[in-house]
Amino acid sequence: MGNEKSRQQRASTEEEAVAAVKGEAVPHRGEELTPEDFALDMLGHHGLPPGCCRMAFDPVHRLLAVGTMEGTVKVFGSEGVEVLLRSRREGERPSAVTFLVFLPSQYRLVVVFANSAVHIYDLSTCLQVARLDATWTTCRVTAVTFLEHSKHQYLYMATDDGVVHVVNARNLYLINYQITPRDIGIPEVDAVTSEPPSVTALAVNPSNEGQLLVGFEFSGLHLWDLVKRKVVRSYTLPTRPGTDPAAEDASGADPSPGALRCVAWHGGGGQFAAGFEAGFVCVWRADRKAGEAQFTDASRP
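Residues numbered from 1 in each chain as written. Predicted model: local features only at pLDDT ≥ 70, side-chain atom pairs only at ≥ 80, totals over all residues. Heavy atoms only, no water.

Visitor: Can you help me understand a nonpolar patch on the surface in this one?
Guide: The grouping of L33, F38 and L40 at the surface amounts to a nonpolar patch, some 390 Å² of accessible area in total. Positionally, F38 belongs in the loop between helix 1 (2-22) and strand 1 (52-58). (Patch = residues over 30% accessible without salt bridge, like charges linked within 9 Å, V, L, I, M, F, W, Y side chains within 5 Å. Areas by Shrake-Rupley, 256 points an atom, 1.4 Å probe, with all protein chains shown as cover. Salt bridge = Lys/Arg side-chain N within 4 Å of Asp/Glu carboxyl O. Helix = DSSP H or I, 4+ residues; strand = E, 2+ residues; numbered from the N terminus.)

Visitor: Just checking my understanding: could you explain the sheet that holds strand 3 (residues 73-76) for this structure?
Guide: The sheet built from 4 strands is open, its strands ordered 1-2-3-4 with antiparallel pairing. Every interior strand has two partners, whereas the edge strands, strand 1 and strand 4 (82-85), have only one. Strand-to-strand twist in this sheet, taken as the mean axis angle between neighbours without regard to direction, amounts to 20°. Here strand 3 runs beside strand 4; their pairing, made up of 4 bridges, is antiparallel. Counted as the bridge partner of V75 is V83 from strand 4. (Pairing = 2+ DSSP bridges. Axes fitted to C-alpha atoms, helices over the stretch in contact; angles between N-to-C directions.)

Visitor: Before we go on, may I ask you to explain unusual backbone geometry in this structure?
Guide: Trans peptide bonds make up most of the peptide bonds, and negative phi angles are found at most residues other than glycine. Despite not being glycine, L172 shows a phi value in the positive range, around 65°. Within the secondary structure, L172 is located in the loop between strand 11 (164-168) and strand 12 (174-179). With a phi close to 55°, R229 is a non-glycine residue in the positive phi region. Inspection of the secondary structure puts R229 in the loop between strand 15 (221-225) and strand 16 (230-235).

What follows is the structure in structure tokens.
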């Protein structure tokens, strides 16, 4: 008993001596601790964060980025290398990640959120280097793509009012250049939704950086000349195989492939594919017009 009590007293004395050297105060035994006595913070994170909803891959630097519903981004590199990017300022409400775009030539990552805020991170330092607050628009960002032209890098961002905006990819300054439904030559109110036509897909022609493919949810696809500011060619959405538009009322079958969700160019720029909500994929020759698409039911094995 005496030895145990002596050890406790000696430990207490040593603890107080160390605290005195550090200039810290040690609470007396029996004193209650309160939440104010602690300042908890995350020191590290391993594995996938909860609520993953978006993903992007950089084939040049072999990096994988994963975004979450809470607005957190995790970047994975070589085996055992991972970093957590936290985007929220103190007091800000969480907003889900909606788009992730790598800028390979700059070793940077663009993150777009559900509230339309945009952040750019330098992956060499894992620091945020540019920020476009959500107040830049009252609309929701619906599509994003990146274009590197000579010494300039641009982000093309579409909003749910059908407008495509151009943003400097280095500092997120808005450029005085827009593409509107009126410029494209389509109605400013969608016949299907009775709302402004929504752009759901954007893609730059890999063989001609002056051409931007603009895909609307229900208003077709349009190849836009960025220099001449006009439509080069329009591609209307074909009917699904096995359906007869004239017999739609009788059969009840919808002949359309559904809402457009994504587009992708062939590496040579001669063809592009479009994916639809109903599970169909259409492939067009870029130099041909409507009605000449190859239809594939991607939902079937």
